[in-house]
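Structural features, examined
In case you want the letters, here they are:
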Amino acid sequence: MGSSWIRNAIVVGVAMVGLWALAADLAGRADAQPASAPKLTMVARSGSALEQQVALAIAAKLKEIGLGVEVVSADYTTMAARARRSALSGETWAQGGFDIIFFNLAGMAFEPAGMNRYFHSASKSAANFWSLADPQLDRELDAASTALDVPKRAEHYARAARLLRDDMPVVPIFHPRLVYALRTGWTGIKANQVNQSKATASFFQMKYQGKDAKQLRMATPEDIRTPNALFDWTNPGKTLNSMVFDSLVMLDDALQPAMPALAQSWSFTDGGKTATFKLRKGVKWHDGKPFTSRDVKFSFETRMNKEAGAELGSGFRMVEQVQTPDDATVVLKMREAYAPLLFEVGLTEIVPAHVFEGVAPKELSKSPYTSGEKLIPGTGPYRLVAWKKREQIELDANPDYFRGKPTVGRITLSIIPDKATAMASIRGGEVDVLDVMYELTKELDELKADPNVTLFVYEALNVEVMGLNLRHPMLSNPAVRQAIALAVPREHIAKDLGRGYLTVATQLLHPQSWGYAKQLASVPFDVNAARELLKKQGQ
């Protein structure tokens, strides 16, 4: 099947014309790098040694096929800001955007509709950082979202997966297994079902030596961008959001959005075009104000409002109107029945409308409750009590939490970018937990041998990808993107760099997903085919 993919890629490559005279640069020896060779900049996260190693491994293979690549590093916040600039205007690395960038795409395993936010043209200003605009792909994703029959939906997602494989806006690399390191004695940590990403863990029912604990100290390498859940869906943001806020529904153990949270119940009428949510009564915000349907309406409409610039808004594009007939009822009116609606609702943490009273949508990102000058209240198990940027976040237990009082009284998140320092901190007892974002791989043997440290390991179901800026003059050519994909040494990355904690990603969806396209041929690792494909561009 791999050779068929290569033949198809070469056919596409032969048909492409006008690629800045690559012939002179690429027709020579495989390892030649003429002064005029095209240059690309590949950015990896500065806090991730694994990501930087992956970037260097891929850059070496790209050099073999004749593409000059410079690897640079940047912190997550800078990377996200550059990605958004590229999504909005197509800016390259030299212009303040990116050429090639690494991202972990979450939220697609349990509901393939998560593909919409990363690849549907309607989300180019949100999470479609690569500026992909493919009408045929949009039609498949829309059909998969509006069909209510699961097998039919799976057929559409399989066709979408084929289109993405052939167009290659991003190159799937690996699926991670996530590892939390804990001081021995701590129990009760579990994969988080609140924010539905399985990229973080839940801490509010943890115990120390079988008893409730006064404090849990956690080290994390990166700070949040903002405490306002509507404007931060980065991994640090999701960790905080899941502790401070709630959504209307949660995932059950089968990874289906079927558990009540802020909504006690829900129903669909009008052929699935109307969704009615009955809200939990008696819930209060951390500042004592009552939670009502007004807060849900504000949160949903902020997601939907392009002027606001909130994240994940594309997931509500089928929603025409948010109605609130009373304080305990929210009604969503949709243009069409929308199969993944509960998934999108579950991804949306509800924020308090009253603290943003009178703030225009385009000014919400500048609000003191978004910047952190004022501490935003939530309804979740923990109350934000302090945020010292790039240093520390303090959270106190919410004794009135509707799911039960947390067993840990206070959680302290210390921002420790250096992994070695974090390792020394947990081994020395200064912190109790190391965040998964430290991407522990080669350090695991050392931690396993430490009687004072235990490990919590689970499948994240996410996918690490190498994203390509489709508006870059070089990367706008699908044949070049396909050649790059052929030169990615996935097996080496998973086995040698991941040390058994990574699995090769052959497509965007995890094999455990019901939308996984089992019959789709994977992209092989074939440097010779990649080199040949690029040479064809000069003919």
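Below, the structure is looked at part by part. (Residues numbered from 1 in each chain as written. Predicted model: local features only at pLDDT ≥ 70, side-chain atom pairs only at ≥ 80, totals over all residues. Heavy atoms only, no water.)

1. Focus on the overall build of the protein
Across its full length, the protein carries 16 helices and 22 strands. Here the protein holds 539 residues, and the buried ones make up 60% of them. Of all intrachain contacts in the protein linking residues separated by at least 6 positions in sequence, the fraction that spans at least 24 positions is 69%. Only carbon and sulfur atoms are counted for the fraction: they give 50% of the accessible area of the protein, which is about 20600 Å². (Helix = DSSP H or I, 4+ residues; strand = E, 2+ residues; numbered from the N terminus. Buried < 20%, exposed > 50% of the residue type's maximum accessible area, 1.4 Å probe, protein only. Contact = heavy atoms within 4.5 Å. Areas by Shrake-Rupley, 256 points an atom, 1.4 Å probe, with all protein chains shown as cover.)

2. Observations concerning the sheet that holds strand β14 (residues 319-326)
Spatially, 4 strands are ordered β12-β13-β15-β14 in an open sheet, and the strand pairing comes out antiparallel. Looking at the sheet topology across the chains shown, the edges are occupied by β12 (263-269) and β14. Taken over all neighbouring pairs, the strand axes of this sheet differ in orientation by 20 degrees on average, direction set aside. In this sheet, strand β13 (residues 274-279) lies alongside β12 in antiparallel orientation, the contact comprising 6 bridges. Residue pairing across strands places W266 opposite F277, the latter belonging to β13. (Pairing = 2+ DSSP bridges. Axes fitted to C-alpha atoms, helices over the stretch in contact; angles between N-to-C directions.)

3. Comments concerning the nonpolar core
The biggest cluster of nonpolar side chains holds 81 residues, and the ones touching the most others in it are I58, L105, F119, W130 and M466. Sort the elements by how many residues they give to this core and helix α3 (residues 49-64) lands first, with 7 residues. Residues in contact with I58, not counting those within four places in the same chain, are M42, F102, I173, M466, V488, P489 and I493. Residues A229, V351, A353 and Y401 belong to the second largest nonpolar core, which totals 46 residues. (Core = buried A, V, L, I, M, F, W, Y, C linked by side-chain atoms within 4.5 Å.)

4. Thoughts on helix α9 (residues 293-304)
An α-helical turn contains 3.6 residues, so a residue and the one three or four places further along point in the same direction. For α9, which comprises 12 residues, the first-to-last C-alpha distance of 16 Å matches the rise-based estimate of 16 Å (1.5 Å per residue) to within 8%. Among all positions of α9, only S293, D295, V296, F298, S299, F300, T302 and R303 are buried. The inward-facing, buried residues of α9 abut β13, β14, β15 (329-334) and α10 (341-347). (Expected span 1.5 Å × (residues − 1).)

5. Some details on the pattern of salt bridges
All chains considered together, the criterion is met by 26 salt bridges. For K207, the salt bridge is made with D212, and the minimal N-O distance between the two is 2.7 Å. Taking relative accessible area as the criterion, K207 reaches 28% and is therefore assigned partly exposed. The partner of R294 in a salt bridge is E357, and the shortest N-O contact between them spans 2.2 Å. Placement of the pair is R294 in helix α9 and E357 in the loop between α10 and α11 (368-371), with a sequence separation of 63 residues. On the basis of relative accessible area, E357 is assigned to the exposed category, the value being 56%. Beyond isolated ion pairs, a larger network of salt bridges with shared partners links R383, E394, D396 and R410. (Salt bridge = Lys/Arg side-chain N within 4 Å of Asp/Glu carboxyl O.)

6. So, the environment of F245
Mapped onto the secondary structure, F245 falls in the loop between α8 (235-244) and β10 (249-251). Note: C-alpha distance between F245 and L262 (17 residues apart in sequence) is 10.0 Å.

7. Regarding the pairing of strand β9 (residues 213-220)
Note that β9 and strand β18 (residues 408-415) share 7 bridges and pair parallel. What sits directly across from R217, in β18, is T412. In this structure, β9 lies alongside strand β19 (residues 433-434), joined through 2 bridges in parallel fashion. Paired with M218 across the bridge in β19 is V433.

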